[in-house]
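Take a look at the letters that make up each chain.
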Amino acid sequence: MEAAGDHPVPSGPLAVRWLAYDAGRPRAGALGTARLAFQNAGTVPWPPTGERRVCLGYHWLDELGNPIVWDGLWTALPREVAPGERVEAELTVRGPLPPGPYRLAFDLVAEDRYWFSELGNAALERPVPVAPRLVQRALTVLGADPGALDAQEEPVVGPDEAAAVAYLAPGVVPAPDWSRRILDAHEEGYAAVGGSISFEAGLLRRTPSGLEPYAPGGGRNPAFEHPLLCPSVVREVEPDWAAPVEGLPALRPPMDERWLYDGRIQITARPRSGRRRG
């Protein structure tokens, strides 16, 4: 760990002296681990549970110090910390979106209400680069017809090499820029990505009603209320599948991860053999 250096420490019941830190190697949107050493410089103990508990937390700021993510994840203290006592602890940190240069400010929160930095303490603030979520830009695809991916701008890879997995279905053909847009979104920090569905309709063949919310057009929709069809998911996230929609794999957007619906990420679904027309 690196030494925290000198900083002002207020007098009073709730005060912290930062001793050392290791910010880890944060990736956009992904969970990581940081480590801190610090001292209770106040006059009251810090319990890890109960109404008066104290938790470790953090804020993500831009390079000018403006808050990007103010209320970061909280991590319980490993034990009660008495006045004057020093402790080392790990905390869970989720990287902000998109990747780039940030400032990471470690802080403590008291009684689930007060950040120590709001009570006159100095947060431990340091410049920290945030890397893309994908360690390598590598997408594999399951369920595609032979030849369906031949026109892709960015070739897909085998399952053993992949950092993300996309799920297609027979009769589905992605647009040429599909794999590139999928990988761009994952690198930006999104764990699950889905897009629009173009259906090969005609005079005697209508777009199925289940696919109407996925009509091409528009861009990102953070309020999208439907499952992601033919989605792509990063390796470290377990997919939560919904019932298929018109024979296409459907993913419930993850509640604890950032996800993306983008109408510019487009596939074409052809009528399946045996589908009733009309």
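Residues numbered from 1 in each chain as written. Predicted model: local features only at pLDDT ≥ 70, side-chain atom pairs only at ≥ 80, totals over all residues. Heavy atoms only, no water.

A.B. asks: Quick question: what am I supposed to make of the overall build of the protein here?
C.D. replies: Of the regular secondary structure elements, the protein holds one helix and 19 strands. By the compact-globule yardstick of 19 Å for 278 residues, the protein is too spread out, its C-alpha radius of gyration being 24 Å. Dimensions of the protein, computed from the C-alpha atoms along their principal axes, are close to 80 × 35 × 30 Å. In the protein, which comprises 278 residues, the share counted as buried stands at 44%. Accessible area of the protein: about 13900 Å², with a carbon and sulfur share of 49%. Charge centroids of the protein, computed over 28 positive and 36 negative side chains, lie 5 Å from each other. (Helix = DSSP H or I, 4+ residues; strand = E, 2+ residues; numbered from the N terminus. Rg over C-alpha atoms; globule rule 2.2 N^0.38 Å. Buried < 20%, exposed > 50% of the residue type's maximum accessible area, 1.4 Å probe, protein only. Areas by Shrake-Rupley, 256 points an atom, 1.4 Å probe, with all protein chains shown as cover. Lys, Arg positive; Asp, Glu negative; His and termini not counted. Charge placed at Lys NZ, Arg CZ, Asp CG, Glu CD.)

A.B. asks: What am I meant to see in the packing of aromatic side chains here?
C.D. replies: The geometry of an aromatic ring pair comes down to the distance between the two centres and the angle between the two planes. Applying the stated criterion across every chain, the model contains nine aromatic pairs. An angle of 90° between the planes, with centres 6.3 Å apart, marks the rings of W74 and W115 as edge-to-face. Residue W74 is found in the loop between β5 (67–69) and β6 (75–76), and its partner W115 is found in strand β9 (residues 114–115); the two are separated by 41 residues along the sequence. Looking at W74, the relative accessible area reads 31%, which means it is partly exposed. (Phe/Tyr/Trp six-rings, centres within 6.5 Å; stacked < 30°, edge-to-face > 60°.)

A.B. asks: Explain the pattern of salt bridges here, please?
C.D. replies: Pairing between side chains of opposite charge can happen when their charged atoms approach one another. Tallied over the full model, the rule gives 22 salt bridges. Residue R133 pairs with E257 through a salt bridge whose shortest N-O separation is 3.1 Å. Of this pair, R133 sits in the loop between β10 (124–130) and β11 (139–142) while E257 sits in the loop between β18 (248–251) and β19 (259–269), placing them 124 residues apart in sequence. You can call R133 buried: its relative accessible area is 2%. In this structure, the salt-bridge partner of R137 is E187, at a minimum N-O distance of 2.9 Å. In this pair, R137 is assigned in the loop between β10 and β11 and E187 in helix α1 (residues 178–188), connecting sequence segments 50 residues apart. Residues joined in a network through salt bridges with shared partners are R137, E153, E154, D177, R180, R181, D184 and E187. (Salt bridge = Lys/Arg side-chain N within 4 Å of Asp/Glu carboxyl O.)

A.B. asks: Explanation requested: the confidence of the model for the protein in the structure shown.
C.D. replies: A low pLDDT means the predicted coordinates there should not be read in detail. This prediction gives the protein a mean pLDDT of 94; 95% of its residues lie at or above 70. Counted against residues more than four places away or in other chains, residues 273–278, with its pLDDT under 50, gives seven contacts. (pLDDT = per-residue confidence, 0-100. Contact = heavy atoms within 4.5 Å.)

A.B. asks: When you look at the pairing of β18 in this model, what are you seeing that I'm missing?
C.D. replies: What you see with β18 is no split at all: L248 and A250 on one side and P249 and L251 on the other are buried throughout. In this structure, strand β15 (residues 228–229) lies alongside β18, joined through two bridges in antiparallel fashion. Within β18, the residue paired with L228 across the bridge is L251. In this sheet, β18 lies alongside strand β17 (residues 241–245) in antiparallel orientation, the contact comprising three bridges. Across the sheet, residue W241 finds its bridge partner in β18, namely L251. Where β17 folds back onto β18 in an antiparallel hairpin, the turn is made up of two residues, including E246, whose phi is positive at roughly 50°. (Pairing = 2+ DSSP bridges.)

A.B. asks: Sorry if this is basic, but what is going on with the sheet that holds β17 here?
C.D. replies: With antiparallel pairing, three strands are arranged side by side in an open sheet as β15-β18-β17. The open sheet has two edge strands with one neighbour each: β15 and β17.

A.B. asks: Please explain α1 as it appears in this structure.
C.D. replies: The α-helix winds at 3.6 residues per turn, so residues separated by three or four positions along the chain end up facing the same way. Taken together, the buried positions of α1 are occupied by W178, S179, I182, L183, A185 and H186. Seen end-on, α1 carries its buried residues on one side only, within an arc spanning 160°. Those residues of α1 hidden inside the fold are in contact with β11, β12 (164–167), β13 (172–174), β14 (192–199), β16 (232–234) and β19. (Arc of directions from axis to C-beta.)

A.B. asks: In this structure, what is going on with the nonpolar core? I would like to understand it.
C.D. replies: Core analysis: the largest hydrophobic core is formed by 40 residues, its most contacted members being L139, W178, I197, L229 and L248. Broken down by element, the residue count for this core peaks at five residues, all from β19. Those residues within four positions of W178 in sequence are excluded, and the remaining contacts are L139, V141, L149, Q152, A166, L168, I265, Q266 and I267. Grouped together as the second largest cluster of nonpolar side chains are 29 residues, Y21, A28, V54 and V93 included. (Core = buried A, V, L, I, M, F, W, Y, C linked by side-chain atoms within 4.5 Å.)

A.B. asks: I would appreciate a short explanation of the sheet that holds β13 in the present structure.
C.D. replies: Sheets are built from strands that pair by backbone hydrogen bonding, the pairs being arranged parallel or antiparallel. In space, the six strands of this open sheet follow the order β11-β12-β16-β14-β19-β13, with mixed pairing throughout. A strand with exactly one partner marks an edge of an open sheet, and here the two such strands are β11 and β13. Averaged over all pairs of adjacent strands, the angle between strand axes in this sheet comes to 30°, irrespective of strand direction. Those strands touched by α1 are β11, β12, β13, β14, β16 and β19, and its axis lies near 170° from that of β19. (Axes fitted to C-alpha atoms, helices over the stretch in contact; angles between N-to-C directions.)

A.B. asks: I keep staring at the side chain of H59 and nothing clicks. Help me out?
C.D. replies: One can find H59 in strand β4 (residues 54–61). Within the local environment of H59, its side chain forms a polar contact with the backbone oxygen of W70, the two atoms lying 2.5 Å apart. The residues touching H59, leaving out its near neighbours within four places in the chain, are V69, W70, R103, L104, A105, D107, W115 and S117. (Polar contact = N/O pair within 3.5 Å; in protein donor to acceptor, adjacent residues only side chain to side chain.)

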